[in-house]
Structures are given as C-alpha cells and as structure tokens.
Amino acid sequence: MGLVPPNFITEIVEKDLREGRYERIKTRFPPEPNGYLHIGHARSIVLNFGLARDFGGECYLRMDDTNPETEKEEYARAILEDVRWLGFEPDGIFYASDYFERMYECALLLIQEGKAYVDDLSEEEMSALRAEGKPSPYRERSVEENLDLFQRMARGEFPTGSRVLRAKIDPAHPNFKLRDPVLYRIVHAPHYHVGDRWVVYPLYDYAHPLEDFMEGITHSLCTLEFENNRAIYDWVIENVKGKCGFPLSPRPHQYEFARLDLSHTALSKRKLIRLVEGGYVSGWDDPRLPTLRALRRRGVRPEAIIEFVRRTGISRNEALIPMDLFEEVVRDDLNPVAPRVLGVIDPLEVVLTNYEGEEWIEAPYWPRDIPKEGSRPLPFSGRIYIERSDFSLNPPKGWKRFAPGQRVRLRHAYVIELEDVVEEGGEVRRLKARVVPGTLGANPEDGAKPKGVIHWVSAAHALPVEFRLYGRLFLTADPEEGGDFLKNLNPKALEVRRGFIEPSVAKDPRETRYQLERLGYFWQDPVDSRPEALVLNRIVPLKEGFKAG
C-alpha cells in the first residue's frame, strides 16, 4: 500500500494513467498565505504529495496569493516550513502572483470574445440582482468600452471596489456560481510578493484554474465546499484552452473530497484568529491549538499526523472525527519511540526512616512488549517524592496504591510500608515509611505482598520541572454548541504544575520524547525549556485506565 490509502481519487488516477489520459500525474497543494496551516490542511498535504509519491508524479507547493490585503511573507515562509516538517519537499514552489501578467492577458481575450464585461454595480446591488437572476444594467457594454475600462482599471484610474470584471455566462443560471461571477476587482494595496505592480487582482475562481493549467496540473483536488465552483473552473479552462499559450489538451480536472474536521478544537480561521488576537491562547504556536506549528511545539511527531490522515481516509462523506482517535494515533506513534522514565507532577515527600545513604539501580527504559534494549542508573535515597494522588488516608474499596496498612512497591525499587502521616492545617504534608528489607527485585519474605506499584523520584537527585499539562481546547465536541464557542473553552486545557523528574533526562537529546510512567507522554518545550529550568509539555495523556509497561 502506498502513502495514500485506496480511495475514489486513487481509482481515478489509476484509470487516467492506464488509459493514457495523462503521461504523468501532477498535483499541487495551494494554500493562501493569510494564516498558519492547521491539522485540517494535513489531509490535503498528504493527499497531494502522497499521490505524487505513490504514482511517480510531481507535487507543487503554490501560494494562492491573490488578496494583497490579508497575505504576508511570514505566512508563506511558515507554510513551506510546515510542509517540510511533515516530510514533503515540493517539486516546485510557485506563487499565483507570478502569473498575474498572463492572467491579465487571458482576461483581455475573454473581453475581446464578448465573454467578460466591466460592471459598476456595488457589491450589495450585484448580490441582489444575482439572487433574483437578473442581469446587470452594464452587461451589454461594447467590447471596446469593456477593454478601455478594464485597462484603465489596471492603470489605477479608479478607486478600490468601484468596478469589477465579470464573466458573461448567464445571470439566471441554475448554478448560482455561474451567474456572471466576478473575475477581477480593484484593490489599491501593495502585494507582499509583487509590490505595487498591480491594482487589479483576480478572484480565486478565475485564478485557480489558470494556475493549474499553467503548471500542467492533472488532478486538482479541493475540499467539498468547492464542488459548485467546479463549474466555473471548467468554464475558465474551456474558454482559454488552445489560446493564451495553453494547449488544447491535456487539461486539468477538479475533484472534491471531504475536509478533515476534528472534535473539541477549532479549525475555522475566524475562530483561530479570535482566540489568538483575544489573548485566549499565547500565540499561533500555543500547544492548545490545532495549527501544525502548535502541534509541533506540543511534541506531536509528523509521523503521527500522517498516520492520522491515513487512518481517517479520503472520501466524499463529511464527518466529525473524534479527538479520541487523534490521541490514540499519537500514543501509538510515541509508544515504541518514547523511553520510560520516572517523574512526579504533584509531589508528596516520603521519608524512609530505616534507609541511609543512597544507591543506583539499573532500570530498563523499555517494557517487555517493546523489543528494544537500554537502561539507565536510577538513584535511590532515604527521601523520595511520590505522586500525591497515589496516597490515601481513607482509601476506597479496591485501592491499589499507598495507604495505612497497605504496602506498595516503588517502581524498579523496594516495597515500602507506612509508619506515620505528618499533617498541617488538615493537609498531608509528609509521610514517614520504612523499606521492607530484601525487597529489591523480590517479594517480602513475610509473604505480605504489595497491593500495587507506584512511581517516585529521589528527592536528593531529581530535577525540578515545570510541567505543562495540555488537554482539549473545548469542553464540547462541537465548539459552537450553545451558540458562543468562547463559552465552551476548556479552562483546564492548560494546567501548570511544579514537580520533579529523574536525573537521567539531563543527558538526553533535547528532542527526546518520554513516557512518564502512569502520567503520559512528554517532551521539553522547544521555546521555553532550558537545562537549568526544564519545561516539559504533556503531548498526550495515557489512555484512560491504561497501565504503562
């Protein structure tokens, strides 16, 4: 099986190649550089680059930059960086704005052939007439007048928004998209890539098919919201093929697939902007967000994102994919690559009254079900930290952790039993316990086995850590539930705790992912973590009820 799982698009590609419709496939990933990519874009990236890889073709990265008011070089650079982070290298990097001259020439041709006209209506007036299926009063302007007006538009003689160029198709067409769609508008604004050269800018429905045709794209893959736009796509292609330097054939064809929609998060650009600009998150790389740079900072590996796209598949059926599945894929990806280490997020001090000095225990990194070797020396001393949640003064029935009269084993080390509880202000501040002799790697000689196994760190050796526990951004699967998505924000999507981790991590490469036993998967925050002040992000928690190996 290739990178892209079999689906209706792979069947189309196979048929087209088999029947000689195209000698070689060419796809493209065409984002608009007006924001940062998110996990929803990953489906299109994997599909377009994956098809090219699977079928021996080419895939281009194209900045669909036809709107000078919203696009930035910053976004274009970030898009290329994210695509490369996912493991794909474009066979060509193009900008729609580099094609403006040729697009303009094609527009002149359409005017000359009586297939486009300049309209002076306001946006509101035009929308009202289109809704009624009525023609614009400017629709029957002569070719000469339309050419003159459009050329003057291009020279900057008219203010922003005062005139547009429209295709002359059918003002009452059953497909609303074909009711004389707008091809060009006037915008007096500098463009990040081509500067002040242009004041007329093509709209997506006109530019996109021309870009595909110029680049020799064979399969133009879009999400389902562009299904009705395909009629304009075909109209543009059919009216320029064999002209403007285009061949009669082969020509590109558009196909639509369902976008990737994930629960408990926001993939809408409008919502993401409100979250960032409103200060609800710290920026576009805040690990609570679904942007690719946020997921990267959180510690999710690109391999997991690609596998998530593969598992969810490519189809024409819209569906909300549960966050549970994404988290499961991330755990499956990290399980065989993340060494197991000990850390304590909410520390409770335990003094071992009958233990003096220290010793170093050789502890394996990997559970038995992962065929890897490796271990590290783990320090043990008379003062340790355990997880506060692993102790109960009044344990419920079935409690398998530390409690009065209930022994536990310290992971990789000894069995201990409680002697005393030190309380202050009604809160447990410290425990006193004793090591059961002879229990390093063995059961107690008296036959009283421990109830469970808990994790710990040696207080004298552990490294202090700021743990950032990331959870789901929204409390509801659909952020819009109830009407205001901001009211559904999860106040516990980020919890910061101060704890400790075993000292072995100090020598590891910075990008190492760990499974903190019984706590989840973590790695160092690539922005804020420093050797003298460790910050660990929780990438994903362990599955509910899951016991680490």
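Description of the structure in this document. (Residues numbered from 1 in each chain as written. Predicted model: local features only at pLDDT ≥ 70, side-chain atom pairs only at ≥ 80, totals over all residues. Heavy atoms only, no water.)

Moving on, we get to empty space enclosed by the protein. Counting across every chain of the model gives three cavities of 30 Å³ or more. Estimates place the volume of the largest cavity at around 200 Å³. Forming the walls of the largest cavity are 21 residues, and the residues nearest its centre are Leu295, Arg298, Met323, Phe326 and Gly471. For the lining of the largest cavity, the elements supplying multiple residues, two or more each, are helix H10 (292–298), helix H12 (323–334) and strand S27 (534–540). (1 Å grid on protein atoms, 1.4 Å probe; cavity = no way out; pocket = protein on both sides within 12 Å on 5 of 7 lines; lining within 4 Å. Points joined across faces, edges and corners; volume = space filled by probe spheres on them. Helix = DSSP H or I, 4+ residues; strand = E, 2+ residues; numbered from the N terminus.)

What follows deals with the pairing of strand S20 (residues 427–435). Two strands pair when backbone bridges link them, and strand S14 (residues 347–352) and S20 are joined in this way by four bridges, in the parallel orientation. Bridge pairing links Val350 to Leu431 in S20. Pairing geometry for strand S19 (residues 415–424) and S20, over eight bridges, is antiparallel. Bridged to Val422 within S20 is Arg430. Taking the residues that link successive antiparallel strands as the turn, the S19-S20 hairpin has two residues, and the phi of Gly425 there is positive, at about 60°. (Pairing = 2+ DSSP bridges.)

Moving on, we come to the layout of surface pockets. Of the voids in this model, the largest pocket is the one considered here, and its volume is about 1200 Å³. Together, 50 residues line the largest pocket, and His38, His41, Thr223, Glu225 and Phe226 are the ones closest to its centre. Mapped onto the lining of the largest pocket, the elements with two or more residues apiece are strand S1 (26–29), helix H2 (39–54), helix H7 (204–215), strand S8 (219–223), strand S10 (261–262) and helix H9 (269–277). In terms of residue count, the dominant contributor to the lining of the largest pocket is H2 (four residues).

Glancing now at the sheet that holds strand S5 (residues 164–167). Pairing is antiparallel across the open sheet formed by four strands, whose spatial order is S4-S5-S6-S7. Pairing within the sheet leaves two strands with one partner each, and these edge strands are strand S4 (116–119) and strand S7 (200–202). On average, each strand axis in the sheet is tilted by 25° relative to the strand beside it, whichever way the strands run. Note that S5 and strand S6 (residues 182–186) share three bridges and pair antiparallel. Each bridged residue has a counterpart across the sheet, and for Val164 the counterpart in S6 is Arg185. This element, helix H6 (residues 143–154), spans S4, S5, S6 and S7 of the sheet and lies at about 65° to S4. (Axes fitted to C-alpha atoms, helices over the stretch in contact; angles between N-to-C directions. Contact = heavy atoms within 4.5 Å.)

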